[in-house]
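Listed here are the chains, written in short residue letters.
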Amino acid sequence: MFIRFSSIIPLLITLDLCCGLYFHIAEGERKCFIEEIPDDTTVLVNYKVELYDPRSGGFMPSSPGIGMHVEVREPNDRILLSRVYSSEGMISFTSTTPGEHVICMYSNSTSWFTGSQLRVHLDIQVGEHAVDYANVAQKDKLTELQLRIRQLLDQVHQITKEQSYQRHREERFRQTSESTNQRVLWWSLLQTGVLLGIGYWQMRHLKSFFEAKKLV
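Residues numbered from 1 in each chain as written. Predicted model: local features only at pLDDT ≥ 70, side-chain atom pairs only at ≥ 80, totals over all residues. Heavy atoms only, no water.

Participant: What am I meant to see in the overall build of the chain here?
Facilitator: Scanning the chain for helices and strands turns up two helices and 10 strands. Intrachain contacts of the chain at a sequence separation of at least 6 include 72% that bridge at least 24 residues. A total of about 14,400 Å² of accessible surface is found on the chain, and carbon and sulfur atoms cover 57% of it. (Helix = DSSP H or I, 4+ residues; strand = E, 2+ residues; numbered from the N terminus. Contact = heavy atoms within 4.5 Å. Areas by Shrake-Rupley, 256 points an atom, 1.4 Å probe, with all protein chains shown as cover.)

See below:
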């Protein structure tokens, strides 16, 4: 059963791009993002929360007590991640099922501000974009050529996953189309049968009427 959200923001983000945005959130409000992700793909979410300051009319860095509850649901509605984070940080998870993943964020408290707003800066990176290659090169002591080869291999793997996911979507679409066509066929046959039955009944009724009136 799909969860009801107070606000759902679908994001059509291709896997070869990253997404950077910010949004405002009020007390008790829930913001959700839909991301289509292949299986076995790393997703990196960087975020920063700012609190509205009515005196300056701008947004200021939030206090340490303000945090965000982050929840990630898989296409089968299974919770992949659910925990409370600080006001600024990084979230990382790896998908296990291909399809639409729902990332929801909401405040960890409903009493830390009254009538104010939070501004949440969000940056979602998928696939090879979620890998810090500078850190990888330093950790594995790779040369520039070796690092470039590593990046190309990761890109090839990501393209393979994306192609597999697209085939999975095409297969589901084909099954849905075949099921719909079959239902339409049976419905058409049922309508035809009902019309034939009504026509036969009308003819019998008219024949009985004419026989009663001695017109036949």
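Participant: Sorry if this is basic, but what is going on with the packing of aromatic side chains here?
Facilitator: Given two aromatic rings, one states the distance between the centres and the angle between the planes to describe the pair. Tallying each qualifying case throughout the model produces one aromatic pair. Arranged with centres 5.2 Å apart and planes meeting at 55°, the rings of phenylalanine 23 and phenylalanine 33 form a pair that is tilted. Linking phenylalanine 23 in strand S2 (residues 19-25) with phenylalanine 33 in strand S3 (residues 30-37), this pair joins segments that are 10 residues apart in sequence. With relative accessibility at 7%, the residue phenylalanine 23 sits in the buried group. A cation over a ring is seen here: arginine 83 above tyrosine 85, with NZ or CZ 4.5 Å from the ring centre. The ring of tyrosine 22 is capped by arginine 119, whose NZ or CZ atom sits 4.6 Å from the centre of that ring. (Phe/Tyr/Trp six-rings, centres within 6.5 Å; stacked < 30°, edge-to-face > 60°. Buried < 20%, exposed > 50% of the residue type's maximum accessible area, 1.4 Å probe, protein only. Lys NZ or Arg CZ within 6 Å of the ring centre and 35° of its normal.)

Participant: It is not clear to me how the nonpolar core should be interpreted in this structure. Could you clarify?
Facilitator: A general tendency of soluble globular proteins is for nonpolar side chains to be buried together. Grouped together as the largest cluster of nonpolar side chains are 23 residues, with contacts concentrated most on Tyr47, Met68, Met105 and Leu122. Every element with two or more residues in this core is listed here: S2, S3, strand S4 (42-53), strand S6 (68-73), strand S7 (79-85), strand S8 (88-94), strand S9 (99-107) and strand S10 (118-126). When sequence neighbours within four positions are dropped, the list of residues in contact with methionine 68 reads Ile25, Tyr47, Val49, Arg83, Val84, Tyr85, Ser86, Met105, Tyr106, Ser107, Leu118 and Val120. (Core = buried A, V, L, I, M, F, W, Y, C linked by side-chain atoms within 4.5 Å.)

Participant: Would you take a moment to explain the side chain of glutamate 71 for this structure?
Facilitator: You can see glutamate 71 is positioned in strand S6. Polar side-chain contacts of glutamate 71 include one of 3.0 Å to the side chain of arginine 30. (Polar contact = N/O pair within 3.5 Å; in protein donor to acceptor, adjacent residues only side chain to side chain.)

Participant: In this structure, what is going on with the pairing of S6? I would like to understand it.
Facilitator: Regular strands place side chains that alternate from one sheet face to the opposite one. Within S6, six of the six residues are buried, leaving the element largely enclosed by the surrounding structure. Side chains Met68, Val70 and Val72 of S6 all project onto a buried face; the interleaved residues His69, Glu71 and Arg73 project onto the opposite face, where all are buried too. Where S6 meets S7, six bridges bridge the pair, whose relative direction is antiparallel. Paired with glutamate 71 across the strands is serine 82, a residue of S7. Taking the residues that link successive antiparallel strands as the turn, the S6-S7 hairpin has five residues, and the phi of aspartate 77 there is positive, at about 70°. (Pairing = 2+ DSSP bridges.)

Participant: Can you walk me through the state of the cysteines in this structure?
Facilitator: Among covalent bonds in proteins, the disulfide is the one between the sulfur atoms of two cysteines. Scanning the entire structure with this criterion turns up one disulfide. Here cysteine 32 is linked by a disulfide to cysteine 104, with a sulfur-sulfur distance of 2.1 Å. Of note, the bridge from cysteine 32 to cysteine 104 carries an S-S torsion of about 105° and is right-handed in sense. Here cysteine 32, found in strand S3, pairs with cysteine 104, found in strand S9; they are 72 residues apart in sequence, far enough to count as distant. Both residues of the pair, cysteine 32 and cysteine 104, count as buried. (Disulfide = S-S within 2.5 Å.)

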